[in-house]
Amino acid sequence: VMDSDVVFYRELPKVELHAHLNGSVSAQTIEKLISRKPQLNIERSMTAIGKGQRRTLDECFEVFKVIHKLVDTEEDILMVATDVIREFAADGVKYLELRSTPREEKDTGLTKKSYIETVIKAIQQCKDEGVDIDVRFLVAIDRRNGTEVALETVNLAEEFMLSSDGLVVGVDLSGDPTVGHGRYLLPALQKAKNSGLKLSLHLSEIPSQLDETDLLLSLPPDRIGHGTFLHPDVGGSQSLVDKVVQKNIPIELCLTSNVKGKTVPCYSKHHFKYWYELGHPTVLCTDDKGVFCTDLSQEYQLAASTFGLSREAVWKLSQQAIDCIFGPESVKQQLRQKWNDLHPQVFK
Ligand SMILES: CNc1ncnc2c1ncn2[C@@H]1O[C@H](COP(=O)(O)O)[C@@H](O)[C@H]1O
Ligand SMILES: [Zn+2]
């Protein structure tokens, strides 16, 4: 017999807006990759942070390096992306925005362009198979790589926005927050915005980025990732909060990621509470479901149990995420219809 909570959260239709492709690789897929590349001597334990474990953010970034070694051909990317999409669908995610940093691998002939093409192919394949999920793609800029690479990435994103039949909808800014500065990336991000790409930026994921956050908020971005240190109680500032509120910029919140990455001391101190109580648009997301060993159902359940949300409140939260997607208005309408159709089944 299944726990009724488990069933409710899985059947709850969900929107996932913050998922890094290579952070989302499941244990099963990692096993398949390891068997393809036994000579690397990588073990599953090197690619994930298990239950009760916590690492610093620095250590998390070491984990991504290991995964990148395992995922370095078009074939790998195709398998990883199709597996990840099917897993999100099996978890009840009806709309997914995947993000990933195009990489070039000299040894395998992978280029940034073929990287993006392969992700798009995976999305298309899942669609053709009839997987019940609408998937879009955000091309990620790794902040470590500076101005030139950021511009190159934006140019590719612009090209694919026009040629991917609406699948490429925006650009993400991510990567190790301790490296680089937003000022070097502003021109590329501005260019992306001007060309019609949506922007989701990791902002204030660590303390003392007030200048950078203030600068990048001037764009403004269409969504914020984490925003952990925006509010004054944790060393942010009221003026940053006011800007986010005035511009009504939705925040993508990833509870387990922040707790396991030690930027938040425990679930009950997560900034979800601050923004939720303000009535500001917040969207629960997984960030890296493979690395942090979670899924979106579990994130909803954790938020509900930690902050005492009723099932009706949880439903509202997942429904309001529809307003924050980068897909077009027609897709929002379809999703709202889907939520209405599923309501009786979920609350049976
Ligand atoms: C934990 N908090 C985080 N903060 C910032 N960036 C993160 C991240 N988690 C993941 N990434 C970004 O996503 C990449 C892996 O997926 P892709 O190779 O792009 O598919 C990481 O290398 C990093 O740039
Ligand atoms: Zn992230």
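Predicted model, so just to flag it, every value in this text is computed and none were measured.

Bringing the overall build of the protein chain into the picture now. What the protein chain contains, in helices and strands, is 14 helices and eight strands. Taking 20 Å as the expected radius of gyration for a compact globule of 348 residues, we find that the protein chain reaches 19 Å, a close match to that expectation. Within the protein chain, the proportion of its 348 residues that are buried is 58%. Long-range pairs, those at least 24 residues apart, make up 77% of the contacts in the protein chain between residues at least 6 apart in sequence. Of the roughly 14,300 Å² of accessible surface on the protein chain, a fraction of 50% belongs to carbon and sulfur atoms. Counting 41 positive and 50 negative side-chain charges, the protein chain places the averaged centre of each group 2 Å from the other.

For the rest of this paragraph, the subject is the coordination of the zinc ion (ligand 2). Taken together, His18 (NE2), His20 (NE2), His202 (NE2) and Asp287 (OD) make up the full set of protein donors to the zinc ion (ligand 2), lying 2.1 to 2.2 Å away. Taken together, the four donor atoms coordinating the zinc ion (ligand 2) span angles of 81 to 167 degrees at the metal, a pattern that classifies the geometry as irregular. Read in sequence order, the donor residues for the zinc ion (ligand 2) give the motif H-x1-H-x181-H-x84-D. Highlighted residues: His20 in strand β1 (residues 14–20) and His202 in strand β5 (residues 198–203), separated in sequence by 182 residues. For His202, a relative accessible area of 8% corresponds to the buried category.

Turning our attention to empty space enclosed by the protein. The tally for this structure, following the rule as stated, stands at one cavity of 30 Å³ or more. Computed from the structure, the largest cavity encloses a volume of approximately 40 Å³. Lining the largest cavity we find Arg143, Gly175, Pro177, His202, Leu203, Ser204, Glu205 and Gln209. For the lining of the largest cavity, the class distribution of residues is two nonpolar, four polar and two charged.

Another point: the environment of Lys332. One can find Lys332 in helix α14 (residues 329–346). Accessibility expressed as a relative area gives 14% for Lys332, which makes it buried. For Lys332, the contacting residues outside a window of four places in its chain are Ile322, Asp323, Ile325 and Gly327.

Turning to the layout of surface pockets, a few remarks are in order. Once rolled over the atoms, a probe with the size of a water molecule shows which space is left empty. Considering only enclosed or pocket space, the largest pocket measures out at about 620 Å³ in volume. Residue lining of the largest pocket: 35 residues in total, with His68, Thr101, Asp142, Arg144 and Gly175 positioned closest to the centre. Secondary-structure elements contributing two or more residues to the lining of the largest pocket are α3 (57–70), β2 (93–100), α5 (112–128), β3 (134–142) and α6 (146–163). Per-element tally for the lining of the largest pocket: the top contributor is α3, with seven residues. Looking at the lining of the largest pocket residue by residue, the classes come out as eleven nonpolar, 13 polar and eleven charged.

Let us now look at the confidence of the model for the protein chain. Scored by pLDDT, the protein chain comes out at a mean of 97, with 99% of its residues at no less than 70. Reported confidence for the predicted complex is 1.00 by ipTM and 0.98 by pTM.

Around ligand 1, the structure places 20 residues, and the nearest of them are His68, Ser100, Thr101, Glu205 and Asp288. Here His20 contributes a side-chain N or O atom positioned 3.1 Å from an oxygen atom of ligand 1. In the environment of ligand 1, a nitrogen atom lies 2.8 Å from a nitrogen or oxygen atom belonging to the side chain of Glu205. Among the detected pockets, ligand 1 sits in the largest pocket.

Here we come to the environment of Ile85. Within the secondary structure, Ile85 sits in helix α4 (residues 74–90). Taking the C-alpha atoms as reference points, Ile85 and Asp132, separated by 47 residues in sequence, lie 9.8 Å from one another. If near-sequence neighbours (up to four positions away) are discounted, Ile85 is found in contact with Leu96, Leu98, Ala122, Ile123, Cys126, Ile133 and Val135.

Feature annotation in UniProt assigns "domain: Adenosine deaminase" (unreviewed entry) to the following positions: residues 13–338. Helix and strand shares over residues 13–338 are 45% and 14% respectively, and the end C-alpha atoms of the span are 8 Å apart.

Our focus in this paragraph is helix α9 (residues 238–246). Turning to α9, its buried residues number three or more, namely Leu240, Val241 and Val244. One face of α9 carries all of its buried residues, which in axial projection span an arc of 100 degrees. Elements in contact with the buried residues of α9: α8 (210–217), β6 (223–226), β7 (251–253) and α11 (272–278). One or two residues past the end of α9 sits Asn248, with phi positive at roughly 50 degrees.

Next up on the list: the nonpolar core. If you look at the biggest cluster of nonpolar residues, it comprises 107 residues, and the most contacted ones within it are Leu96, Ile133 and Leu189. Per-element tally for this core: the top contributor is α4, with nine residues. Among residues more than four places away in sequence, those in contact with Leu189 are Ile141, Val171, Leu173, Leu199, Leu201, Leu216 and Leu219.

Rules of the game
- The residue numbering used here restarts from 1 in each chain and proceeds along that chain's sequence as written.
- Both sets of labels track the order of writing: A upward for chains, 1 upward for ligands.
- Where totals are concerned, whole chains, interfaces and linings use all residues; where local detail is concerned, this predicted model gives features only for residues with pLDDT of at least 70, and gives and counts side-chain atom pairs only at 80 or more.
- Here the side-chain values reflect all heavy atoms present in the structure, with hydrogen atoms and water set aside.
- Each helix corresponds to a stretch of at least 4 residues labelled H or I by DSSP, and each strand to a stretch of at least 2 residues labelled E; elements are numbered beginning at the N terminus.
- Two things to know: the radius of gyration comes from C-alpha atoms, and the globule rule equals 2.2 Å times the number of residues to the power 0.38.
- For each residue, the accessible area found with a 1.4 Å probe, counting protein chains only, is set against the maximum for its type, and the residue is called buried under 20%, exposed over 50%, and partly exposed in between.
- Any two residues whose heavy atoms approach within 4.5 Å at even a single point are treated as in contact.
- Here the accessible surface of atoms and residues is derived via Shrake-Rupley with a 1.4 Å probe, and residues count as covered only by protein chains that are part of the display.
- For this count, His and the chain ends are skipped, Lys and Arg are scored as positive, and Asp and Glu as negative.
- One atom stands in for each charge, and that atom is NZ of Lys, CZ of Arg, CG of Asp or CD of Glu.
- A donor here means any N, O or S atom no more than 2.8 Å from the metal (3.2 Å for Na, K and Ca); water is not included, so a site may seem to lack partners.
- Every geometry call rests on angle ranges, with four donors termed tetrahedral when all angles are between 85 and 135 degrees, four termed square planar and six termed octahedral when opposite donors are over 155 degrees apart and all others are between 65 and 115, and everything else termed irregular.
- A cavity, in this analysis, means grid points on a 1 Å lattice covering only the protein atoms where a 1.4 Å probe fits yet has no way out; a pocket is instead an open set bounded by protein on both sides within 12 Å along at least five of seven lines, and a residue lines either one if it has an atom within 4 Å of a point.
- Grid points are joined across faces, edges and corners, and a volume is the space filled by probe spheres set on the points.
- When residues are grouped by polarity, Ala, Val, Leu, Ile, Met, Phe, Trp, Tyr, Cys and Pro land in nonpolar, Asp, Glu, Lys and Arg in charged, and all others, Gly among them, in polar.
- The predictor rates its confidence in each residue with pLDDT, a number between 0 and 100.
- Whether a residue is near a molecule or strand depends on its heavy atoms: if one lies within 4 Å, it is near.
- Pairs of N or O atoms are called polar contacts if they sit within 3.5 Å, as long as, within protein, a hydrogen donor faces a hydrogen acceptor (for residues adjacent in sequence, only side-chain-to-side-chain pairs).
- Assignment to a cavity or pocket requires that more than half of a molecule's atoms be within 2 Å of the site's grid points.
- UniProt positions are given in the numbering used here, feature names are shortened, and annotations may be inferred rather than shown by experiment.
- Regarding the arc, it is the one traced by the directions from the helix axis to the C-beta atoms.
- Residues belong to one nonpolar core when they are buried, are Ala, Val, Leu, Ile, Met, Phe, Trp, Tyr or Cys, and are joined through side-chain atoms within 4.5 Å.

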